[in-house]
Every structure is written in structure tokens, then in C-alpha cells.
Amino acid sequence: MQITKADQFRRAITPGMAGGSSDEWSEGGSARLKRLREILRQGALVIILIVLVLISVSLYPGFLDPRNLGNLLSQSAPLAVVAVAMTLVMVTRGFDLSVGALYATGATVYASLACLGWSLPLAAAVTVLVGVIGGMVNAFLITRLNVNAFVTTLGTTSTFSGLALIYSRSSPFVVGNPEFTILGRGSIFGMPYSILIMLAFFFAGQFVLSKTVYGRSLYAIGGNEEAARLAGIRTALLRGSTYVICSASAAVAGMIMASRVSIGQADIGGSMALDAIAVVVIGGTSLQGGSGAIWRTGVGLLIVATLSNLLDSLAVDANYQLVIKGAIVVGAVALDAITHKRR
């Protein structure tokens, strides 16, 4: 039987004929729909930030003042440093509650060594080393002894805090050396060092997660650790490395804070862990692991910082601020749970 051009055309456009099966058409449409949802999900975060900025400008005309923006970013730098590292941990389906204690420990050690007359670079190196050791303790307990991350980091929080209090004898270290404030309050060409450190962490974290084998391996571990292990990825080593990075970053954040106020004390940072986790979750990194991005954490940080700045400018009571921020975090976690369930 001769096939006419009309028949060929019908076969080309009709599902189940030469143009492709109905399953192929269905799969293609599903893939396009998933991409569209992902674009909308990522764009929604930026839209929320823009709306929040517009509200802030309308209620607080001085919001866009360069000095206000500079203070906002400088004050957010310690939290940003911890949040970037926390993103790596949460991508592997973990989290670290001990960063607040190591943040305080970092501030205490850095200030104490400066009081003893140590050179600031050497004091900084020792402080980071203290953070690395704390992270190695967490990594060993979690990846080698298979202790639950929540239990491990909750326990080491108490341990690290206690050691810092013993070391400082529960007294703050007040530093009189003017050079000590350079890290927290100094600037170069008008750009504060704290903001430069924050940007360096964001760029480095974004590059590592999106452009390196290490970053892709972390996503694989968070998505399915057993499958990643069978594929030859050294899951224990890589998971442990994220805790070391997170603890060292917390020590760096403590140094920035100590330099900013010229004081190092062991009783700060009580909310640092929850604040960092909140920023990462609001940024869209899933608590289920396997997804997330540093740039999204950056947007989450800006949302939290903008909201805090607005509430402070409106003289909203600190207790009400806690309620508002808590509600936002719960909403972000609930949205993550719903999204994961649908997937």
C-alpha cells in the first residue's frame, strides 16, 4: 500500500506513530514541567527578597543608605561565614549544633592570645586550628562511631562551651591593641575586611559545590549515601570533612566578632547554630540532603538580615522578633517537607 504525504505527516505528529510514543511525549512534558517548577521555586526566593526590600524602603527611608547597608552586611558577616559552611554539612543530610560553642571558643582564644602579645596572624592560625580540632572530634564521632549527628553535636556543644569557660575562667578578654580591630572594623579602599571575608567564603563555597568533584560528591552523599558508597565515593571521609570545615569557619566567625567589639568571651553565640540553620533552610537547602546552593544561602542571609534590620528600625520588641523569625523558619521547614513529599 502506498503511503501518501498526508499519512507521513499524520504519523509525524500523532503520538504512538513515527513521531514518537505517548510515553516519550509524556516524559518530555513532565521534564519540562519539573524545570518550570524549579525555575519558579528558585525565582520565588529572589522575589521575596525584593518585596521585603521594597517594604523596608517604604517603612524605613534610610534603609538604602550606604552606611546602613554597610553595617547590615558587616554585622551579618560572622553568620554568613558559618551559614556557608553549614550548607556543606546540610547538603550531606547532616547539621552541626556545636558551631555556636566553637564560635564563642574562637572569639575567646583569639582575644586571649592577642592579650598575651601574640602576633595577630599567629593567633588567628592557632584559633583556626582549635576549630579544626573541634570539627575532627565531631567527624570522628559521627562518621567512625556512627553516633547520631544531633546527639553528637548537642553533646560537644556543652563540652566546647565548658572548655572555653574553664580556659577563660568565665571572664572576658578585653583587648587594648588597636590593630586587633582591623579584622572586624578595618577596611581597604572603603570595603570592610569583614565583608571581604564574607564574600570570599561565598565565592569559594559556590565554586566548590558547583564546579568540583568534591561538591558533586557531597550532593551524591546527601541524595543516597549507600549508592554513593557503592559508586566508590569515600562517604565517611567526605562527610567528616564538612564538619571540620564548619567548625573551622565558626572559629573564623568568632575572630571577626571578637575583633569587632575588642572582646572575646565564652558565653556568646547561644543562637548561632539555629540562626545559621535558619538561613540555610530559608535559602532552600533541603533538610533531606542532596540539594541546595551557596547562592541560595546568600539570598536567605539577605532575607534574614533585611528583616532584622527592618524590625530593629521599627523598634519592634526583641521577643516579638523571635516569634516572627521562628514562624518564618517553621514555614520554610514545612515547605521543604511538603516539597520533598511531592517529589
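Predicted model, so just to flag it, every value in this text is computed and none were measured.

Student: Where do I start with the overall build of the protein chain in this structure?
Tutor: Scanning the protein chain for helices and strands turns up 14 helices and four strands. Across the 343 residues of the protein chain, 42% fall into the buried class. Sequence separation of at least 24 residues holds for 75% of the intrachain contacts in the protein chain that already meet a minimum separation of 6. Working note: accessible area of the protein chain is about 18,000 Å², and carbon and sulfur atoms make up 66% of it.

Student: I would appreciate a short explanation of the side chain of Asp-96 in the present structure.
Tutor: As for its placement among the helices and strands, Asp-96 is situated in the loop between helix 3 (66–91) and helix 4 (99–115). Of the side chains bearing the opposite charge, Arg-239 lies closest to the buried Asp-96, which forms no salt bridge; the N-O distance is 11 Å. One polar contact links Asp-96 to Ser-98, side chain to side chain, over a distance of 2.6 Å. If we ignore the near neighbours within four places in the chain, the residues touching Asp-96 are Met-86, Val-89, Asn-138, Thr-153, Tyr-243, Cys-246, Ser-247 and Ala-273.

Student: Help me understand the pattern of salt bridges, please; the structure alone is not making it clear to me.
Tutor: Close approach of charged atoms allows side chains with opposite charge to pair. All told, the structure shown has three salt bridges when counted by the stated rule. Asp-65 is the salt-bridge partner of Arg-67, the closest N and O atoms lying 3.4 Å from each other. The residue Arg-229 makes a salt bridge to Glu-226 at a minimum N-O spacing of 2.5 Å. In this pair, Arg-229 and Glu-226 both sit in helix 10 (residues 225–230), three residues apart, roughly one turn of the helix. Of the residues examined, Arg-229 reaches a relative accessible area of 44% and is grouped as partly exposed. A relative accessible area of 42% means that Glu-226 is categorised as partly exposed.

Student: What should I look at first to understand helix 13 (residues 294–313) in this one?
Tutor: An α-helical segment advances 3.6 residues per turn. Residues three or four places apart therefore align on the same side. Taking 1.5 Å of rise per residue, the 20 residues of helix 13 would be expected to cover 28 Å, and the 28 Å separating its terminal C-alpha atoms lies within 8% of that figure. Ala-315 sits one or two residues past helix 13 and shows a positive phi near 60 degrees.

Student: What is the right way to look at the nonpolar core in this model?
Tutor: Most often, soluble globular proteins keep nonpolar side chains buried together rather than apart. In terms of nonpolar packing, the biggest core is built from 57 residues, with Val-82, Met-86, Val-99, Met-198, Phe-202, Leu-301 and Ile-303 touching the most fellow members. Per-element accounting of this core gives the leading share, 13 residues, to helix 3. Sequence-distant contacts of Met-86, that is, excluding residues within four places in its chain, are made with Phe-95, Asp-96, Val-99, Cys-246, Ala-276, Ile-277 and Val-280.

Student: I'm lost on the environment of Ile-221 in this one. Help?
Tutor: Here Ile-221 lies in helix 9 (residues 213–223). The class of Ile-221 is buried, set by a relative accessible area of 2%. Distance from Ile-221 to Gly-290, taken between C-alpha atoms, is 6.9 Å for residues 69 residues apart in sequence. Leave out the neighbours within four places in its chain, and Ile-221 touches Thr-92, Ala-228, Ile-233, Thr-235, Leu-238 and Arg-239.

Student: Explain the packing of aromatic side chains here, please?
Tutor: Given two aromatic rings, their pairing is described by the distance between the two centres and the angle made by the two planes. Counted according to the given criterion, the structure contains three aromatic pairs. The interplanar angle of 45 degrees and the centroid separation of 6.1 Å between the aromatic rings of Tyr-167 and Phe-173 together place this pair among those described as tilted. Above the ring of Trp-295, the side-chain terminus of Arg-296 is found at 5.5 Å from the ring centroid.

Student: I would appreciate a short explanation of the environment of Ala-231 in the present structure.
Tutor: Here Ala-231 is to be found in the loop between helix 10 and helix 11 (235–261). According to the relative accessible area criterion, Ala-231 is exposed, its value standing at 63%. For Ala-231 and Ala-220, which are eleven residues apart along the polypeptide, the C-alpha to C-alpha distance reads 9.7 Å.

Student: Teacher, can you tell me more about the environment of Tyr-167 here?
Tutor: Its place among the elements puts Tyr-167 in helix 6 (residues 149–168). With 58 residues separating them along the chain, Tyr-167 and Val-109 place their C-alpha atoms 8.6 Å apart. With sequence-adjacent residues up to four places away left out, Tyr-167 is seen in contact with Thr-108, Val-109, Ser-112, Leu-113 and Phe-173.

Student: How should I be thinking about helix 4 in this particular structure?
Tutor: Its 17 residues place the ends of helix 4 24 Å apart at the C-alpha level, agreeing with the 24 Å of an ideal helix rising 1.5 Å per residue. For helix 4, a buried count of 16 out of 17 residues is recorded, marking the element as mostly surrounded by other parts of the structure. After helix 4 finishes, the residue Gly-117 shows a positive phi value of roughly 90 degrees.

Student: Whenever I open this one, the side chain of Thr-92 confuses me. Can you help?
Tutor: Here Thr-92 shows up in the loop between helix 3 and helix 4. The class of Thr-92 is buried, set by a relative accessible area of 4%. Separated by 2.6 Å, the side chain of Thr-92 and the backbone oxygen of Val-89 make a polar contact. Residues contacting Thr-92, with those up to four places away along its chain left out, are Leu-218, Ile-221, Gly-222, Arg-239 and Thr-242.

Procedures and definitions
- Residues numbered from 1 in each chain as written.
- Predicted model: local features only at pLDDT ≥ 70, side-chain atom pairs only at ≥ 80, totals over all residues.
- Heavy atoms only, no water.
- Helix = DSSP H or I, 4+ residues; strand = E, 2+ residues; numbered from the N terminus.
- Buried < 20%, exposed > 50% of the residue type's maximum accessible area, 1.4 Å probe, protein only.
- Contact = heavy atoms within 4.5 Å.
- Areas by Shrake-Rupley, 256 points an atom, 1.4 Å probe, with all protein chains shown as cover.
- Lys, Arg positive; Asp, Glu negative; His and termini not counted.
- Salt bridge = Lys/Arg side-chain N within 4 Å of Asp/Glu carboxyl O.
- Polar contact = N/O pair within 3.5 Å; in protein donor to acceptor, adjacent residues only side chain to side chain.
- Expected span 1.5 Å × (residues − 1).
- Core = buried A, V, L, I, M, F, W, Y, C linked by side-chain atoms within 4.5 Å.
- Phe/Tyr/Trp six-rings, centres within 6.5 Å; stacked < 30°, edge-to-face > 60°.
- Lys NZ or Arg CZ within 6 Å of the ring centre and 35° of its normal.

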